[in-house]
Amino acid sequence: MKKSLNELKRHALTAISYMLPLVVASGLLIAIGNLMGGEVIEDYTQPFTVASALTSLGVMGMGLLAPFISGYIAYSIAERPGIAPGFLMGLIANALGAGFLGGMIGGYIIGYFIRWMRRTWKVPKWADGLMPMMIIPTVSSIVVGLFMYFVVGFPIAWLTEQLISFLENLDESSRVVYGFIFGVLGHIDYGGPISKVPNLFADGLLLEGVLEPEAIKVIGGVVPPVGVTLGWLFSKIVNKRIFTKVEEDAIKVAFPMGLTMITEGVIPIAMNDLLRTLFATGMGTGVAGAINFFFQNGSPVPSGGVFVIPAMTKPFVALTALLAGSIVTGLILVLIKKRITEEEYESLQNVDEEETDLSGFRIEG
Amino acid sequence: MKLVAVVACTSGIAHTYIAREKLINAAEKRGHSIKVETQGTIGVEGKLTKKDIEEADLVIMATDIQTTGNERFEGKRKIKVATNIAVKAAGQLIEKIEKEI
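Residues numbered from 1 in each chain as written. Chains lettered and ligands numbered in written order. Predicted model: local features only at pLDDT ≥ 70, side-chain atom pairs only at ≥ 80, totals over all residues.

**So, the overall build of chain B**
Part 1 of the argument: In terms of helices and strands, chain B carries three helices and five strands.
Part 2 of the argument: Secondary structure elements in chain B, listed N-terminal to C-terminal, are β-α-β-β-α-β-β-α.
Part 3 of the argument: The C-alpha atoms of chain B give a radius of gyration of 12 Å, which matches the 13 Å a tight globule of 101 residues would have.
Part 4 of the argument: With respect to the principal axes defined by its C-alpha atoms, chain B has extents near 35 × 30 × 20 Å.
Part 5 of the argument: Counting only residues that meet the buried cut, chain B has 50% of its 101 residues in that class.
Part 6 of the argument: A separation of at least 24 residues holds for 61% of the contacts in chain B among residues at least 6 apart in sequence. (Helix = DSSP H or I, 4+ residues; strand = E, 2+ residues; numbered from the N terminus. Rg over C-alpha atoms; globule rule 2.2 N^0.38 Å. Buried ≥ 20, exposed ≤ 12 C-beta atoms within 10 Å, placed from the backbone. Contact = placed C-beta atoms within 7 Å.)

Next comes the structure, spelled out in structure tokens:
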């Protein structure tokens, strides 16, 4: 059970890894175009501006999101033959209003269908070349495509709509709670596999035009490294040494990386004192998330850290959330981390690896 | 031992490369040679050659996503782990391999 869940997740993660550059480029194109006063071009026979060209390209790029998710999930499951039919399923999802979720489900269904075809369908030798070129793409698109159109498509579209109206109608106090939870979950393992799940959710909602979760995600990604840096500054001010020399060097790397939303720089610092650091950064990203969602700041761009703040719907809220979250993280770190001695400060050795259970992995073959 | 490894994480910009460093450090510290291929967002770097793979005693696949070129390792002994394992427990992973190979 756990194994098959992991497999499903692996396929989704593969698709996201292909999708991210598309979403970043499209989101920034829209943001830049909009800032310059661009609008979506409706009629290409009329003259249009550079700004409108950028906005339109970005919007078209966002329209590729569902096909990308579907196509690359199918690729991950069934390899190359999955790509073309997978893209088609994403187009169906777009057309029915089933968006991101529809694209994911379509990708899974057609991916496993094609894998089954590849394993079980036998054709005469002369028809070998026809399998990948004609039989697989055509048959799978007909079977799964009709299934999408007539069976699963509309229920998914309905679900998507329910979810969006739920999020849009949250009152102020629930927004604080959900923003906090989302902020904590989205960065609980500093860009690792757990945080990919809420982040996937944010990317999906972006496609539906709900921008707030994306802002929580982007700002939350910057909070841990900036918060740890502030923690180091605060510790200097109150004269309580809490980081070793090795960790100080790590902070100098983590800070600039962190500004671009690469949270991973915090990992070497967190590893040495996992629970305390996690608590401090978790509170910080939670507070930032709550502020973002309460004031309904949205981000049209899913990645890029502080550099996309100007593109957000409420840049000032974004800055406030970032500062507040980072200060919370920094203060908690200074309060709860143990003071370290001169000797510990100079010790070059990072603490040994944490004991990890590797018994689930086997050498194969 | 001669080892080869493929690493690939989801965003393909940070974990992948941390995992590469950890694996190289852990393996070399214990006197093994290792070559690591990264499949990040920028594409494949440090591509394993046919010779690398032929000579290797074991293939480490530390991947969160579907990687390309997996058919190269057909018939080789391999161990598959999440990228995260290489990031936080590369040393223990190499020790385990030493014991079990």
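The structure having been displayed, the exposition proceeds.
**Examining the overall build of chain A**
Part 1 of the argument: The helix and strand tally for chain A stands at 14 helices and one strand.
Part 2 of the argument: With respect to the three principal axes, the spread of C-alpha positions in chain A is 75 × 60 × 35 Å.
Part 3 of the argument: Taken across its 365 residues, chain A has 47% of its residues classed as buried.
Part 4 of the argument: Looking at chain A alone, contacts between residues at least 24 apart form 75% of all its contacts between residues at least 6 apart.

**Thoughts on the environment of Val 6 of chain B**
Residues and elements named next belong to chain B.
Part 1 of the argument: Mapped onto the elements of the fold, Val 6 is located in strand β1 (residues 2–8).
Part 2 of the argument: Sequence separation between Val 6 and Lys 78 is 72 residues; the distance between their C-alpha atoms is 11 Å.
Part 3 of the argument: Setting aside residues no more than four positions away along its own chain, Val 6 makes contact with Glu 37, Gln 39, Met 61, Thr 63 and Thr 67.

**Comments concerning helix α1 (residues 15–29) of chain B**
For an α-helix, 3.6 residues make a turn, and residues three or four places apart therefore share a direction.
Residues and elements named next belong to chain B.
Part 1 of the argument: Between its first and last C-alpha, α1 extends 21 Å over 15 residues, near the 21 Å set by a 1.5 Å rise per residue.
Part 2 of the argument: Restricting attention to buried positions, one finds in α1 the residues His 15, Thr 16, Ile 18, Ala 19, Arg 20, Lys 22, Leu 23, Ala 26 and Ala 27.
Part 3 of the argument: Looking at the buried residues of α1, the elements they touch are β1, β2 (33–40), β4 (58–63) and α3 (83–100).
Part 4 of the argument: Looking one or two residues beyond α1, the residue adopting positive phi is Gly 31, at roughly 80 degrees. (Expected span 1.5 Å × (residues − 1).)

**With respect to the UniProt feature "transmembrane region" (unreviewed entry) in chain A**
Residues and elements named next belong to chain A.
Part 1 of the argument: As recorded in UniProt, the feature "transmembrane region" (unreviewed entry) lies at residues 12–33, 53–75, 87–114, 134–156, 176–195, 215–235, 274–295 and 315–336.
Part 2 of the argument: In residues 134–156, the share of helix is 100% and the share of strand is 0%. The end C-alpha atoms are 29 Å apart.
Part 3 of the argument: Annotation note: span residues 215–235, helix share 100%, strand share 0%, distance between end C-alpha atoms 29 Å. (UniProt positions renumbered as here; feature names shortened; annotations may be inferred.)

**Some words on the interface of chain B and chain A**
Part 1 of the argument: Opposite the 30 residues of chain B that make contact, chain A presents 23 residues.
Part 2 of the argument: Partitioning the side of chain B that touches chain A into residue classes produces 12 nonpolar, 10 polar and eight charged.
Part 3 of the argument: Across two bridges, the pairing between strand β1 (residues 363–364) of chain A and strand β5 (residues 78–81) of chain B is antiparallel. Counted as the bridge partner of Glu 364 of chain A is Lys 78 of chain B from β5 of chain B. (Nonpolar A, V, L, I, M, F, W, Y, C, P; charged D, E, K, R; others polar. Pairing = 2+ DSSP bridges.)

**Re the pairing of β1 of chain B**
Residues and elements named next belong to chain B.
Part 1 of the argument: Burial of β1 is extensive: six of the seven residues sit out of reach of the surface.
Part 2 of the argument: In terms of strand pairing, β1 meets β2 through six bridges, oriented parallel. Residue pairing for β2: Val 6 is matched across the bridge by Glu 37.
Part 3 of the argument: You can see the chain leave β1, run along α1 and come back into β2, and the turn it takes is right-handed.
Part 4 of the argument: Where β1 lies against β4, six bridges are found, and the strand directions are parallel. Residue pairing across strands places Leu 3 opposite Leu 58, the latter belonging to β4. (Right-handed = clockwise from strand over helix to strand, strands pointing away.)

**A closer look at the domain arrangement of chain A**
Residue and element names in this part refer to chain A.
Part 1 of the argument: As far as domains go, chain A holds domain 1 (2–168) and domain 2 (172–346).
Part 2 of the argument: When each unit is reduced to the centre of its C-alpha atoms, the spacing between domain 1 and domain 2 is 31 Å.
Part 3 of the argument: Tallying the contact residues gives 19 residues for domain 1 and 13 residues for domain 2.
Part 4 of the argument: Contributions of two or more residues to the side of domain 1 that touches domain 2 are made by α1 (2–35), α3 (65–78), α5 (99–120) and α6 (130–168).
Part 5 of the argument: Per element, the largest residue contribution to the side of domain 1 that touches domain 2 is 10 residues, and it comes from α1.
Part 6 of the argument: The residue makeup of the side of domain 1 that touches domain 2, split by class, is 16 nonpolar, three polar and no charged. (Domains from an automatic or database assignment.)

**Some remarks on the sheet that holds β5 of chain B**
Part 1 of the argument: Here six strands make up an open sheet; going across it, the order is β1(A)-β5(B)-β4(B)-β1(B)-β2(B)-β3(B) and the pairing mixed. The open sheet has two edge strands with one neighbour each: β1 of chain A together with β3 (43–45) of chain B.
Part 2 of the argument: Its contacts with the sheet place α1 of chain B against β1, β2 and β4 of chain B, and it is angled at close to 175 degrees to β2 of chain B. (Axes fitted to C-alpha atoms, helices over the stretch in contact; angles between N-to-C directions.)

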